[in-house]
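The residues making up each chain are set out below.
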Amino acid sequence: MALFNPPPVASKTLRVLARLLAYPDAELRDHLATMREALHAERALAPQRLAELDALIDALLLAAPLETEVAYVELFDRGRATSLHLFEHVHGDSRDRGPAMIDLAQTYEKAGMYLAEGEMPDFLPVLLEFTSTQPPREAREFLAEMAHIFNAIFAALQQRESAYAAVLGALLELAGEKAQPVQIATEEPIDTVWEEPVVFDGCSSKGQAKPGQPQPIHIVPRAGRARPSQGAQA
């Protein structure tokens with residue numbers, strides 16, 4: 001396995017990858033040329049992967065700013081398959097997500113890295129900033145622990161023919177893994193993915209008639225209340 005090979009020094013590369021996955025605002029676009037230079041100067045990635053990242057940078061430079069920002073939101077904030085919040089892929093909305101967040105934040109703090117207000121520890125750009133501060137071997141081992149998540153996001157981005165797939169491919173390479181797509185299940189519409197769980201299903205429209213059709217009404221006796229006897233009816 002590639003993990004036995006000496007890992008490259010990739011601190012600058014990891015910081016660039018973190019920035020490339022951040023929201024493409026004006027500040028990021030102003031630094032794209034410098035980021036490209038840093039990637040090529042450090043040479044932590046294979047030439048083919050660098051070429052793919054060049055294509056992403058070119059796309060960000062050439063596209064209209066508003067178009068780029070809208071595309072980013074549509075890609076990363078509309079469903080779980082491409083979410084950059086890693087624990088979304090592992091824990092979803094389960095109770096395990098909170099303790100996992102705390103543990104990861106404490107890992108950062110032990111290394112002297114403190115999150116800004118509103119930053120989530122499992123947000124991939126934040127995690128990559130932390131990884132960039134670690135020695136090469138520890139950085140690769142840390143990335144390797146999450147390679148299965150990277151591979152899933154990589155496959156989802158490839159399925160959408162997104163140039164951002166190059167960033168996840170680069171992360172898999174730095175983790176000592178091959179960027180092989182995995183089979184992705186058809187993603188549910190965003191309204192279905194984020195609908196209320198069954199426990200809050202009292203106001204659901206399931207079983208209701210279509211517009212223009214009569215809606216049946218079901219009368220259920222109140223618990224504990226006796227029905228009137230036949231002789232008592234008017």
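Scroll up a little and you will see the structure.
1. Some details on the side chain of Glu42
Tracing the sequence through the fold places Glu42 in helix α3 (residues 32–42). At 6.0 Å, Lys12 is the nearest oppositely charged side chain to Glu42, a buried residue that forms no salt bridge. Only 3.4 Å separates the side chain of Glu42 from the backbone nitrogen of Ser11, close enough to count as a polar contact. When sequence neighbours within four positions are dropped, the list of residues in contact with Glu42 reads Val9, Ala10, Ser11, Lys12 and Thr13.

2. Some points on helix α10 (residues 147–159)
Helix length check: α10 (13 residues) gives 18 Å between terminal C-alpha atoms against 18 Å at 1.5 Å per residue, within 8%. For α10, every residue scored as buried is listed here: Ala147, Ile149, Phe150, Asn151, Ile153, Phe154, Ala155, Ala156 and Leu157. Buried positions along α10 lie against α5 (65–76), α6 (86–90), α8 (124–131), α9 (136–145) and α11 (165–174). Trailing α10 by a residue or two, Glu161 shows a phi angle of about 55 degrees, which is positive.

3. Digging into the packing of helix α1 (residues 11–20) against α11
At a minimum axis distance of 10 Å, the contact between α1 and α11 shows a crossing angle of 150 degrees. Accordingly, the angle class assigned to the pair α1 and α11 is roughly antiparallel. For the crossing formed where α1 meets α11, the hand is left-handed. Contacts between α1 and α11 involve Thr13, Leu14, Leu17 and Leu20 on the former and, on the latter, Val167, Ala170, Leu171 and Leu174. Residues that form the contact of α1 with α11 fall into these classes: seven nonpolar, one polar and no charged.

4. Notes on the nonpolar core
In globular proteins that are soluble, nonpolar side chains generally tend to be buried together. In terms of nonpolar packing, the biggest core is built from 54 residues, with Leu20, Leu124, Leu128 and Leu168 touching the most fellow members. Among the elements that make up this core, the one with the highest residue count is α11 (eight residues). When sequence neighbours within four positions are dropped, the list of residues in contact with Leu128 reads Leu14, Leu17, Ala18, Leu21, Leu143 and Leu171.

5. Describing the environment of Val73
Mapped onto the elements, Val73 comes out in helix α5. Here the alpha-carbon distance between Val73 and Tyr23, two residues 50 residues apart in the chain, equals 8.2 Å. When near neighbours in sequence (up to four residues on either side) are disregarded, Val73 contacts Tyr23 and Arg78.

What counts, and where the lines are drawn
Residues numbered from 1 in each chain as written. Predicted model: local features only at pLDDT ≥ 70, side-chain atom pairs only at ≥ 80, totals over all residues. Heavy atoms only, no water. Helix = DSSP H or I, 4+ residues; strand = E, 2+ residues; numbered from the N terminus. Buried < 20%, exposed > 50% of the residue type's maximum accessible area, 1.4 Å probe, protein only. Lys, Arg positive; Asp, Glu negative; His and termini not counted. Salt bridge = Lys/Arg side-chain N within 4 Å of Asp/Glu carboxyl O. Polar contact = N/O pair within 3.5 Å; in protein donor to acceptor, adjacent residues only side chain to side chain. Contact = heavy atoms within 4.5 Å. Expected span 1.5 Å × (residues − 1). Axes fitted to C-alpha atoms, helices over the stretch in contact; angles between N-to-C directions. Parallel < 35°, antiparallel > 145°, perpendicular 65-115°, else oblique. Left-handed = near helix turned anticlockwise from the far one by under 90°. Nonpolar A, V, L, I, M, F, W, Y, C, P; charged D, E, K, R; others polar. Core = buried A, V, L, I, M, F, W, Y, C linked by side-chain atoms within 4.5 Å.

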